[in-house]
Amino acid sequence: MRIVFMGTPDFAVPCLLRLLSDGEEVVGVFTQPDKPKGRGYALTPPPVKTAALEHEIPVFQPNTLRDGEAEKTIRALAPDLIVVVAYGKILPAEILFLPQYHSVNIHASLLPKYRGAAPIQWCILQGEKKTGVTSMLMDEGLDTGDMLLHRETEIAENMTAGELHDVLSELGAQVLSETVAGIRTGTLHPIPQTGESCYAPMLTKGLCPLDFSKPAQEVHNQIRGLSPYPAATFRLSGKRIKAFRSTLGGSAKGLKPGTAAFCESDIVVACGDGNLVHITELQPEGKKRMSASAYLAGHKLPEGTILT
RNA sequence: CGCGGGGUAGAGCAGUUGGUAGCUCGUCGGGCUCAUAACCCGGAGGUCGUGUGGUUCAAGUCCCACCCCCGCAA
């Protein structure tokens, strides 16, 4: 099948590769323009572009899909289907329904929950026990199209967003493969999204600072939901520290929220509900990411120290 | 040339006004103990990122160049 693929970040790469290994004819890849990133503002290509170029697929990086140019380009590519995976732009109707089989999207949640930009992280932030991947026939709304297939996966107690991302990314490739196969054979039955929906908006820096006056479980969810990017932070002796991993366990026994308890191999902090959160992996500003025990080997952290 | 922090024993950190390096953990050996990841004693382990660079009687510590790592911001 002739397919135009639209995607941008790492999450979308396994989907693209799966289409190729399935023998689909990927005739073009749309991805976001290269953007200045990192120190020195080096112009950085999106991961999907890199992957596409490695397979010698034509890459298109328009700033907008709404000036008619993109439509002409796609028309010339004459796809049977458009596959969208975390592309980062809304497709106008004239493109959406251009191919014979229209456009399908792979979304990293169990729709209609967690529509939007950051479903993986929000699932963990909200303390969900399971999530999954859904494929849908796209319409003009944001992740509102009729659903085709979905696959569920458990979210382990201490799982981070990064780990879940990798799982869902592979699961997404699997679902995409089955979806394309189903479209080819005409065996899929689109079903409208029903039930309670919610949105997973883009993550902002404002979500990062930890608030130890919250219950330990929420602090824990915040740490793992924002790990590794953008990463939950707290302050210790004037420096900002990112927390990447944590576990729960133990009672704070009347310690005020934010107070460090006995810190041997973990940084143990009292939370608002009287329970403890154990920070096990972190990164001080300007330093590499390290285990809490390594950090504690070189930094004294007496019991009673206040973290904010 | 966006702003900034840092490269010292396996890991994490100190290192004062320049005088050839210390701490915590780990590791090895011994001891204590019913026992232990606990405790005590002892040992090994470092060309202090690179430059057969500059200053100096003397540089981890000052100056110069380069390499590498990281935080912020985008």
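Quick notes on the rules
- Residues numbered from 1 in each chain as written.
- Chains lettered and ligands numbered in written order.
- Predicted model: local features only at pLDDT ≥ 70, side-chain atom pairs only at ≥ 80, totals over all residues.
- Heavy atoms only, no water.
- Buried < 20%, exposed > 50% of the residue type's maximum accessible area, 1.4 Å probe, protein only.
- Helix = DSSP H or I, 4+ residues; strand = E, 2+ residues; numbered from the N terminus.
- Contact = heavy atoms within 4.5 Å.
- Lys, Arg positive; Asp, Glu negative; His and termini not counted.
- Salt bridge = Lys/Arg side-chain N within 4 Å of Asp/Glu carboxyl O.
- Phe/Tyr/Trp six-rings, centres within 6.5 Å; stacked < 30°, edge-to-face > 60°.
- Lys NZ or Arg CZ within 6 Å of the ring centre and 35° of its normal.
- Core = buried A, V, L, I, M, F, W, Y, C linked by side-chain atoms within 4.5 Å.
- Domains from an automatic or database assignment.
- Arc of directions from axis to C-beta.
- Pairing = 2+ DSSP bridges.
- Near = heavy atom within 4 Å.
- Polar contact = N/O pair within 3.5 Å; in protein donor to acceptor, adjacent residues only side chain to side chain.

Please clarify how helix α1 (residues 13-21) should be interpreted in this entry.
Three or four residues apart is the spacing at which side chains of an α-helix point the same way, because the helix has 3.6 residues per turn. Restricting attention to buried positions, one finds in α1 the residues V13, P14, C15, L16 and L19. Summarising the contacts, the buried residues of α1 are in contact with β1 (2-7), β2 (25-30), α2 (47-54), β6 (81-85), β7 (103-107) and α6 (161-185). Looking one or two places after α1, you find G23, whose phi comes out positive at around 85°.

Sorry if this is basic, but what is going on with the side chain of D143 here?
Along the chain, D143 falls in the loop between β8 (130-137) and β9 (146-154). One buried charged side chain, D143, makes no salt bridge at all; its nearest oppositely charged neighbour is R115, positioned 6.7 Å away. Not counting the four nearest positions on each side in its chain, D143 is found in contact with N105, H107, L111, R115, G116, M136 and Q193.

Honestly, the packing of aromatic side chains in this entry has me stumped. Any pointers?
The geometry of an aromatic ring pair is captured by the separation of the ring centres together with the interplanar angle, meaning the angle of the planes. Scanning the model with the defined rule gives 2 aromatic pairs in all. Centroid distance F212 to F234: 6.3 Å. Interplanar angle 65°. Geometry classified as edge-to-face. With a gap of 22 residues between them, F212 in the loop between α6 and α7 (216-225) and F234 in strand β10 (residues 232-236) connect regions that are remote in the sequence. Given a relative accessible area of 4%, F212 falls into the buried group. A cation over an aromatic ring shows up here: R289 above the ring of F244, its NZ or CZ 4.0 Å from the ring centre.

Hey, could you run me through the nonpolar core in this one?
For soluble globular proteins, the rule of thumb is that nonpolar side chains tend to be buried together. Counting 68 residues, the largest nonpolar core has F5, L16, V83, F212, F234 and I267 as its most contacted members. Residue contributions to this core reach at least three from each of two domains, namely domain 1 (2-185) and domain 2 (205-298). The residues touching L16, leaving out its near neighbours within four places in the chain, are F5, V26, V29, V48, A51, A52 and I57.

Even after reading the chapter, I still don't get helix α3 (residues 69-77), so can you show me in this structure?
Listed in full, the buried residues belonging to α3 are A70, E71, I74 and L77. The buried residues of α3 all sit within an arc of 125° when viewed along its axis, so they share a single face. Those residues of α3 that are exposed and angled more than 90 degrees off the buried face are K72, R75 and A76. In this fold, the buried residues of α3 make contact with β1, β2, β5 (59-60), β6 and α4 (93-96). Just beyond α3, the residue with positive phi is A78, at close to 50°.

Explain the pairing of β6 to me, please; I cannot follow it from the model alone.
Successive side chains on a regular strand alternate, one facing one side of the sheet and the next facing the other. Of all 5 residues in β6, 5 are buried; the element is thus mostly enclosed. The alternating pattern of β6 places L81, V83 and V85 on one face and I82 and V84 on the opposite face, and all of these are buried. Note that β1 and β6 share 5 bridges and pair parallel. Bridging across to β6, V4 finds its partner in I82. Alignment of β6 against β7, held across 3 bridges, turns out to be parallel. Among the inter-strand pairings, I82 is bridged to a residue of β7, identified as S103.

I tried to follow the protein's contact with RNA strand B on my own but got confused; where do I start?
The immediate surroundings of RNA strand B are formed by 20 residues, with R39, K288, A294, A297 and G298 found nearest. In RNA strand B, atoms within 4 Å of the protein come from the sugar-phosphate backbone in 54% of cases. At 3.3 Å from a base nitrogen of RNA strand B is found a main-chain nitrogen or oxygen belonging to G40. When contributions to the surface near RNA strand B are tallied by element, the ones reaching two or more residues are β3 (35-37), β11 (239-251) and α8 (292-298). A per-element tally of the surface near RNA strand B places α8 first, with 4 residues.

Hey, could you run me through the environment of P209 in this one?
By the element assignment, P209 lies in the loop between α6 and α7. The sequence separation of P209 and A161 amounts to 48 residues, and the corresponding C-alpha distance is 17 Å. The contact partners of P209, leaving out residues within four places of it in the chain, are Q222 and T233.

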